[in-house]
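So you can see what is in the structure, the chains are spelled out below.
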Amino acid sequence: MRIYLAGHKGMVGSAILRQLETQGGCDLITATSRELDLTDQAAVSEFMRAQRPDAVILAAAKVGGIVANNNYPAQFIYENLMIQANIIHQAHAAGVTRLLQLGSSCIYPRDAPQPMAEGALLTGPLESTNEPYAVAKIAGIKLCESYNRQYGTDYRSVMPTNLYGPRDNFHPENSHVLPGLIRRFHNAVQNGASQVAIWGTGTPRREFLHVDDMAAASLFVMNLDRAAYDAETDPMLSHINVGTGTDVSIMELARMVADVTGYTGDIVCDTSKPDGTPRKLMDVRRLTRLGWSAGIDLRDGISTTYDWYKAQRAAGADLRAN
């Protein structure tokens, strides 16, 4: 099978690539952003026609934390809409009947009942700090569902919770919370700081999934028998949540990162910064019923991610972006 993996250089894409290479038995197709601009419709069309993949995994996206989403809303909605529309449509035009696209838990309303089940989609207002990105990701789900309805394709969507792991974005301003905390506490230890500030009140609760677990879940869902997938989903509510089903407060997370990095100073809350959504916990019963559950403990995952981070810093790698 020829599989085109879009976004193979990113955190999730690289994890999926590692697992596909380990499994073997497929011909992998990849292209860097310099080789293929996924926002360019003509370029994507030509690429799909030339490569003729049997299946597509769409892991490419423009992603970032609260600051990045607030500062670049136009880029987040435009680039993600274009990437999804181009790849999904041109995959269909090239005769690709199997596709898996990766979304985000931010598709759910800000005040969705916890844990957030797939049925909560489009039932209320989105979190304002990442609404443009969320709208793009919702559009990706509906693109897949619409092509399935009209053309009989088998295009599936998985919605991960907050991801972390090797190749994460550790930018001091544009990163997500967990890599941002790893960087902050590491620097505090190195500089002998007696105090580290975390954003907001520390009370919001978040769920975290290691990227290797996400890669395994993605391939599991993609390889499911179609009858099993269809039996657990609905034609216009076909996405599947991927997470651990457990969460921690931001303060609990900060204390965990402090412990892993060896930081022993004070942790204070900067309440001038936003909290974001009060809680984001995924209902993962649909995926559990299908036969998959996460296997990497949060503290163990943070520890191995920190080891990777230190190794990359020692090697002089640029850790400011995926």
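Keep in mind that what you see is a predicted model, and the values were worked out from it rather than measured. (Residues numbered from 1 in each chain as written. Predicted model: local features only at pLDDT ≥ 70, side-chain atom pairs only at ≥ 80, totals over all residues. Heavy atoms only, no water.)

1. As for the pattern of salt bridges
Overall, the coordinates contain 15 salt bridges when judged by the stated rule. In this structure, the salt-bridge partner of Asp27 is Arg2, at a minimum N-O distance of 2.6 Å. Within this pair, whereas Asp27 is found in strand S2 (residues 27–29), its partner Arg2 is found in strand S1 (residues 2–6), the two being separated by 25 residues in sequence. Look at Arg2 and you get partly exposed, because its relative accessible area is 25%. The closest approach of N and O atoms between Arg285 and Asp283, which form a salt bridge, is 2.6 Å. Accessibility expressed as a relative area gives 7% for Asp283, which makes it buried. Through salt bridges with shared partners, a single ionic network connects Asp154, Arg156, Arg226 and Asp230. (Salt bridge = Lys/Arg side-chain N within 4 Å of Asp/Glu carboxyl O. Helix = DSSP H or I, 4+ residues; strand = E, 2+ residues; numbered from the N terminus. Buried < 20%, exposed > 50% of the residue type's maximum accessible area, 1.4 Å probe, protein only.)

2. Details of the sheet that holds S1
Across the sheet, six strands lie side by side as S2-S1-S3-S4-S5-S10; this open sheet has parallel pairing. The open sheet has two edge strands, S2 and strand S10 (240–242), and neither has a second partner. Taking the axes of each pair of neighbouring strands and ignoring which way they run, one obtains an average angle of 20° across the sheet. Strands in contact with helix H1 (residues 11–23) are S1, S2, strand S3 (55–58) and strand S4 (98–102); relative to S1, the strand with the most contacts, it is inclined by about 160°. (Pairing = 2+ DSSP bridges. Axes fitted to C-alpha atoms, helices over the stretch in contact; angles between N-to-C directions. Contact = heavy atoms within 4.5 Å.)

3. Structural notes on the packing of H1 against helix H7 (residues 211–222)
The interhelical angle for the contact between H1 and H7, taken along N-to-C directions, is 60°, at an axis separation of 8 Å. By the angle class used here, H1 and H7 are oblique. Crossing of H1 over H7 shows right-handed handedness. Residues Met11, Val12, Ala15, Ile16, Arg18, Gln19, Leu20 and Gln23 of H1 touch H7, and the partners they reach there are Val211, Asp212, Met214, Ala215, Ala216, Ser218 and Leu219. (Parallel < 35°, antiparallel > 145°, perpendicular 65-115°, else oblique. Left-handed = near helix turned anticlockwise from the far one by under 90°.)

4. So, helix H9 (residues 250–261)
Relative to the 16 Å expected for twelve residues at 1.5 Å per residue, H9 spans 16 Å between its end C-alpha atoms, a close match to the ideal helical length. Two residues or fewer after H9 comes Gly262, characterised by a positive phi angle close to 85°. (Expected span 1.5 Å × (residues − 1).)

5. Considerations on H7
With twelve residues, H7 extends 16 Å from end C-alpha to end C-alpha; this agrees with the ideal 16 Å at 1.5 Å per step. Buried residues dominate H7, accounting for nine of its twelve residues.

6. Looking at unusual backbone geometry
Along the chain, Gln114 connects to Pro115 via a cis peptide bond; the corresponding omega equals -5°. Its place among the elements puts Pro115 in the loop between S4 and helix H5 (131–151). A positive phi angle, near 50°, is found at Arg52, a position not held by glycine. The backbone phi angle of Leu122 is positive, close to 65°, even though this residue is not glycine. Locating Leu122 in the fold gives a position in the loop between S4 and H5. Taking the relative accessible area as the measure of exposure, Leu122 reaches 57% and is therefore exposed.

7. Describing the packing of aromatic side chains
Taken as a whole, this structure holds seven aromatic pairs when the rule is applied. Judged by centre distance (5.5 Å) and plane angle (45°), the rings of Tyr147 and Tyr151 are tilted. Here the residue Tyr147 and the residue Tyr151 both occupy positions in helix H5, the gap between them amounting to four residues, near one helical turn. Judged by its relative accessible area of 13%, Tyr147 falls in the buried class. Overall, the relative accessible area of 42% leaves Tyr151 in the partly exposed class. The ring of Phe76 carries the charged tip of Lys62 above its face, separated from the ring centre by 5.3 Å. It is Arg156 that lies over the ring of Tyr229; its NZ or CZ is 4.4 Å from the centre. (Phe/Tyr/Trp six-rings, centres within 6.5 Å; stacked < 30°, edge-to-face > 60°. Lys NZ or Arg CZ within 6 Å of the ring centre and 35° of its normal.)

8. Things to note about the pairing of S4
The element S4 is largely enclosed, with a buried count of four among its five residues. Relative to S4, S3 runs parallel, the two sharing four bridges. Residue pairing across strands places Ile57 opposite Leu100, the latter belonging to S4. Where S4 meets strand S5 (residues 154–160), five bridges bridge the pair, whose relative direction is parallel. When the sheet's bridge partners are listed, Arg98 is paired in S5 with Asp154.

9. Quick look at the environment of Ala42
Tracing the chain through its elements places Ala42 in helix H2 (residues 41–51). When its relative accessible area of 54% is taken as the criterion, Ala42 is described as exposed. Along the chain, Ala42 and Asn86 lie 44 residues apart, while their C-alpha atoms are 8.7 Å from each other.

10. A few points about the packing of helix H6 (residues 177–191) against helix H11 (residues 298–314)
Across the interface, H6 lies against H11 with an axial gap of 11 Å and an inter-helix angle of 60°. When the interaxial angle is binned, H6 and H11 end up oblique. Relative to H11, H6 is oriented so that their crossing is right-handed. Mapping the contact onto sequence places Leu178, Ile182, Arg183, His186 and Asn187 in H6 and Ile302, Thr305, Tyr306, Tyr309, Lys310 and Arg313 in H11.

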